[in-house]
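# Reading the structure
Each chain is listed here by its residues.
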Number of protein chains: 2
Amino acid sequence: MLSAMSADASQQASNLPTTADLLSAQERLEPHLLPTPVICNPRLDEVAGAELWIKAENLQHIGAFKARGALNTVAQLPAQTAAKGLVTYSSGNHAQAVAWVAKRFALKATIFMPTNAPSVKVAAVRRMGAEVVMVGTTSLERQSAALDFAGKTGAFIIEPFDHAHTIAGQGTAALELQQEVASRCGAALDEVFVPIGGGGLAAGACLAFAGSQTEVIGVEPEGCNSMQQSLAAGHVVSVEPGPTLADGLRPTRVGELNLAICKQHLREVLTVNDDELGLSLVRLLLWAKILVEPSGAAALAAALRSARKGARVGVILSGGNMAASTLVELLGKHAAAVEA
Amino acid sequence: MLSAMSADASQQASNLPTTADLLSAQERLEPHLLPTPVICNPRLDEVAGAELWIKAENLQHIGAFKARGALNTVAQLPAQTAAKGLVTYSSGNHAQAVAWVAKRFALKATIFMPTNAPSVKVAAVRRMGAEVVMVGTTSLERQSAALDFAGKTGAFIIEPFDHAHTIAGQGTAALELQQEVASRCGAALDEVFVPIGGGGLAAGACLAFAGSQTEVIGVEPEGCNSMQQSLAAGHVVSVEPGPTLADGLRPTRVGELNLAICKQHLREVLTVNDDELGLSLVRLLLWAKILVEPSGAAALAAALRSARKGARVGVILSGGNMAASTLVELLGKHAAAVEA
């Protein structure tokens, strides 16, 4: 009841994106995005005991769905705001997404990255023409430097997950999955598995499937379960992220908006461990011929283990940017079992 | 002039498939096939100096375009012929394709494979329910055993490449590429690169692009250039295939029908070496996130080196079935250069 809401909750509710926002985001993004395939594979189905429909966002621009949220945010900026440039803080795919969008719209972008960021990731951002500033090693140091920079220059901060435009943008991946399954098999998904880092994609998927028969299940790495803990507590809980192969899914805390949406629509959050991530990554590569990064395998890992038997199940592969050395290591560990 | 044709040539001409056969094959196959994506990647474009449109048939059923030709052949068999079962001889993707089609149409299939066939490939065929008979180590021994078996049982031989239905089926991959490029960028390709083993896909691509502005370029591994030699000689020339990473592109000789079509429509044949194959495979994996087998990288390797600068260029990736150990080896050799 509106009258019973706190000022904060009411303020937050007015910022929450809606399913209508996803539909307009889809129209806005369509000319800029790559049409990523929805993959079916009998061997994966056999392991899952279910019919999997796998949305391959690792084949999106910059190798990850993150291109969507950044694009949806920037495309709605007033020209005079955009002209002052973009800024963000990230060591991962969001950094590449902002650099890519900036290049696409001919804007200046400044990315604050940790001093220990892998050189491959720094090079990828620089290759797209963004300026990289290396600062500290913690997320807090980067964020504070970015805020400072924004204050001084007027550059616009592109939020990685806790923003209505980001959520609506990421949700378009789920919307496309829903539409393609409907058009190819004339039916709806029973459930869909999505990975959770800050919660942008999960919140977007919740909105995409809201009001449908499709249940949305979030997936976090073991020891990095801020969403699971936040849902249990009823408010955002910070975690000290444990070690995980899924380096894209270990923020300290999920977003406020993301939690608010997941509270309403998410069925549950499951966790996966490194062995499940590595094995799923190798199965996908050798059986379905596509490469995901460990974070990108999280939803698949959970679906292979926990999909409802016989159900029609969606899976979103979030990204595919990883070091070859990690891939070689995982092949060494899991390929024999997968090829047997 | 018809009157000047030999009886053989006239007989052959009447067996040649036409572009109309491709169009009806497309209609026939569509309900059975996976919609494989056409991929664009800025880093590959940068290396090529051209705009590449890459048809990913490694994401087709059984991980290769070979599903198309086998399906197109079987779908046109009279019921009483099909009921006697299918037979073929192959150590590669064609074996899996026939096993897959047999399973799909609930037919019996017998596949003659060499005694030294990799156990992964034998297992893949058996997993789909086909009977595998191991015989000798040469293509001639397998072919003769299969012919013998067909004579005794009435089983129908599914030709790997030298048959009108096979060619029309494989050509649908090129047709889809043409249609998707037209729909996404409103223009035709300037040239398209296709790999050549026996020549089924190349002949099909010739028919798909016949009468258009798109020039078709065939690609063979160095030392396995039966098509290149046959075009120069004007008749099918057998070669003793040299060593190559591209195990799917080393038949002793291309097909008669395939040569007849390529003679009319192919612009030229280029060759690629193992270093180019391995480097292209690793670039595609780390940049575009999809896995091809070395044969599957042949057309890309040639396009990266020899595409016309600034042109709109199609590339067909033929398949993605390979041993993890080979992949690890190629990553060890090429990943550092690709990640630099």
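Quick caveat, the model's predicted, so the values are computed rather than measured.

Expressed as a screw operation, the relation of chain B to chain A combines 0.0 Å of axial shift with a rotation of 180 degrees, fitting to an RMSD of 0.0 Å. Considering both components of the superposition, the chain copies are consistent with a two-fold axis. Within chain B, the C-alpha atom positioned nearest to the axis of rotation is that of isoleucine 290 of chain B, 2.2 Å from it. When the interface residues of chain B are mapped onto chain A, 100% of them again fall at the interface, so both copies present the same face.

Residues and elements named next belong to chain B. In spatial order, the strands read E5-E4-E3-E6; together these four strands make up an open sheet with parallel pairing. In this open sheet, the two strands that pair with only one neighbour each are strand E5 (131-134) and strand E6 (156-157). Pairing of strand E3 (residues 86-89) with E6, which is carried by two bridges, proceeds in the parallel orientation. Its bridge partner being in E6, leucine 86 is matched across the sheet by phenylalanine 156.

Moving on, we get to the pattern of salt bridges. When the charged atoms of two side chains with opposite charge come close together, those side chains can pair. All names here are of chain B. Taken as a whole and assessed by the stated rule, the structure comprises 28 salt bridges over all chains. Note that aspartate 247 and lysine 121 form a salt bridge whose closest N and O atoms lie 3.5 Å from each other. Here the residue aspartate 247 occupies a position in the loop between helix H11 (226-233) and helix H12 (256-265), and lysine 121 occupies one in helix H7 (residues 119-127), the gap between them amounting to 126 residues. Aspartate 247 gets classed as partly exposed once you look at its relative accessible area, which sits at 42%. Given the relative accessible area of 14%, lysine 121 is considered buried. Glutamate 215 is the partner of arginine 267 in a salt bridge, and the nearest nitrogen-oxygen pair spans 2.7 Å. Here glutamate 215 lies in strand E8 (residues 215-221) and arginine 267 lies in strand E9 (residues 266-272), a separation of 52 residues in the sequence. Overall, the relative accessible area of 36% leaves arginine 267 in the partly exposed class.

Looking now at the side chain of threonine 214 of chain B. On the secondary structure map, threonine 214 of chain B appears in the loop between helix H10 (200-209) and E8. At 2.7 Å, the side chain of threonine 214 of chain B forms a polar contact with the backbone oxygen of leucine 189 of chain B.

Next up on the list: the side chain of threonine 166 of chain A. All names here are of chain A. On the secondary structure map, threonine 166 appears in helix H9 (residues 164-185). A polar contact is formed between the side chain of threonine 166 and the backbone oxygen of glutamate 159, at a distance of 3.2 Å. Excluding residues that lie within four positions of it along the chain, threonine 166 makes contacts with Gly69, Thr73, Glu159, Pro160 and Phe161.

This part is about the nonpolar core. In terms of nonpolar packing, the biggest core is built from 92 residues, with Leu52 and Phe193 of chain A together with Leu52 and Phe193 of chain B touching the most fellow members. Setting aside residues up to four positions removed in sequence, leucine 52 of chain A forms contacts with Ile39, Cys40, Leu44, Asp45, Leu300, Ala303, Leu304, Val313 and Val315 of chain A.

Attention shifts here to H10 of chain B. All names here are of chain B. Burial analysis of H10 places 10 of its 10 residues in the buried class, which makes it a mostly covered element. What H10 keeps buried is the set Gly200, Leu201, Ala202, Ala203, Gly204, Ala205, Cys206, Leu207, Ala208 and Phe209. Positive backbone phi, approximately 80 degrees, marks glycine 211, located one or two places after H10.

Here we come to empty space enclosed by the protein. The full count for this structure, using the stated rule, is one cavity of 30 Å³ or more. For the largest cavity, the calculated volume is near 80 Å³. Contributing to the lining of the largest cavity are Pro37, Val38, Ile39, Cys40 and Arg184 of chain A together with Leu34, Pro35, Thr36, Pro37 and Leu59 of chain B. Split into classes, the residues belonging to the lining of the largest cavity amount to eight nonpolar, one polar and one charged.

Frequently, the measure chosen for interface size is the accessible area that the parts lose on association. Contact with chain B, which involves 28 residues of that partner, is made by 28 residues of chain A. A combined buried area of about 2300 Å² lies between chain B and chain A, and 66% of that area is made up of carbon and sulfur atoms. Of all residues in chain B, the largest losses of buried area upon contact with chain A belong to Arg127, Lys289 and Glu339 of chain B, amounting jointly to 26% of the total for that side. Across the chain B-chain A interface, the total number found is zero salt bridges.

Here we come to the packing of helix H10 (residues 200-209) of chain A against helix H12 (residues 256-265) of chain A. Residues and elements named next belong to chain A. Remark: H10 packs on H12, axes separated minimally by 9 Å, with the N-to-C direction vectors making an angle of 45 degrees. Considering the angle they form, H10 stands oblique to H12. The way H10 lies across H12 gives a crossing that is left-handed. For the pair H10 and H12, the contacting residues are Gly200, Ala202, Ala203, Cys206 and Leu207 in the first and Asn258, Ile261, Cys262 and His265 in the second. In terms of residue class, the contact of H10 with H12 is made up of six nonpolar, three polar and no charged.

Attention shifts here to the domain arrangement of chain A. Residues and elements named next belong to chain A. The domain architecture assigned to chain A consists of domain 1 (19-65 + 164-339) and domain 2 (67-157). Computed from C-alpha atoms alone, the centre-to-centre distance between domain 1 and domain 2 is 24 Å. Listed per partner, the contact involves 25 residues of domain 1 and 16 residues of domain 2. Between domain 1 and domain 2 the total buried area reaches about 1700 Å² when both faces are included, carbon and sulfur atoms providing 52% of it.

With that out of the way, let us pick up the pairing of strand E5 (residues 131-134) of chain A. The pairing of strand E4 (residues 109-113) of chain A with E5 of chain A spans four bridges and is classified as parallel. Within the sheet, the bridge partner assigned to phenylalanine 112 of chain A lies in E5 of chain A and is valine 133 of chain A.

All names here are of chain A. Here we have six strands laid out as an open sheet, ordered E1-E2-E10-E7-E8-E9, and mixed in their pairing. Of all the strands in the sheet, the pair left with one neighbour each is strand E1 (38-39) and strand E9 (266-272). In this sheet, strand E2 (residues 51-56) lies alongside E1 in antiparallel orientation, the contact comprising two bridges. Across the sheet, isoleucine 39 pairs through a bridge with isoleucine 54, a residue of E2. The sheet strands contacting H10 are strand E7 (191-195), strand E8 (215-221), E9 and strand E10 (312-317), and the helix crosses E7 at an angle near 160 degrees.

Another aspect to go through is unusual backbone geometry. All names here are of chain A. One non-glycine residue with positive phi stands out, namely alanine 106, at about 55 degrees. Note that alanine 106 resides in the loop between helix H6 (93-104) and E4. Given a relative accessible area of 70%, alanine 106 falls into the exposed group.

Let us now look at the state of the cysteines. Simply put, the disulfide is a covalent bond whose two ends are the sulfur atoms of two cysteines. Counted under the stated rule, the structure contains zero disulfides over all chains. In this structure cysteine 40 of chain A is not part of a disulfide, and its nearest cysteine sulfur, from cysteine 185 of chain A, lies 8.4 Å away. Cysteine 224 of chain B forms no disulfide, and the closest cysteine sulfur to it belongs to cysteine 262 of chain B, at a distance of 17 Å.

All names here are of chain B. Close contact between H11 and H12 brings their axes to 10 Å; oriented N to C, the two are set at 65 degrees. Considered as vectors, H11 and H12 are oriented roughly perpendicular to each other. In this structure, H11 crosses over H12, and the sense of that crossing is right-handed. Across from Met227, Ser230 and Leu231 in H11, the residues of H12 making contact are Asn258, Leu259, Cys262 and Lys263.

The rules we used
Residues numbered from 1 in each chain as written. Chains lettered and ligands numbered in written order. Predicted model: local features only at pLDDT ≥ 70, side-chain atom pairs only at ≥ 80, totals over all residues. Heavy atoms only, no water. Least-squares fit on C-alpha atoms with pLDDT ≥ 70 in both. Contact = heavy atoms within 4.5 Å. Pairing = 2+ DSSP bridges. Helix = DSSP H or I, 4+ residues; strand = E, 2+ residues; numbered from the N terminus. Salt bridge = Lys/Arg side-chain N within 4 Å of Asp/Glu carboxyl O. Buried < 20%, exposed > 50% of the residue type's maximum accessible area, 1.4 Å probe, protein only. Polar contact = N/O pair within 3.5 Å; in protein donor to acceptor, adjacent residues only side chain to side chain. Core = buried A, V, L, I, M, F, W, Y, C linked by side-chain atoms within 4.5 Å. 1 Å grid on protein atoms, 1.4 Å probe; cavity = no way out; pocket = protein on both sides within 12 Å on 5 of 7 lines; lining within 4 Å. Points joined across faces, edges and corners; volume = space filled by probe spheres on them. Nonpolar A, V, L, I, M, F, W, Y, C, P; charged D, E, K, R; others polar. Buried area = accessible area lost by both parts, 1.4 Å probe. Axes fitted to C-alpha atoms, helices over the stretch in contact; angles between N-to-C directions. Parallel < 35°, antiparallel > 145°, perpendicular 65-115°, else oblique. Left-handed = near helix turned anticlockwise from the far one by under 90°. Domains from an automatic or database assignment. Disulfide = S-S within 2.5 Å.

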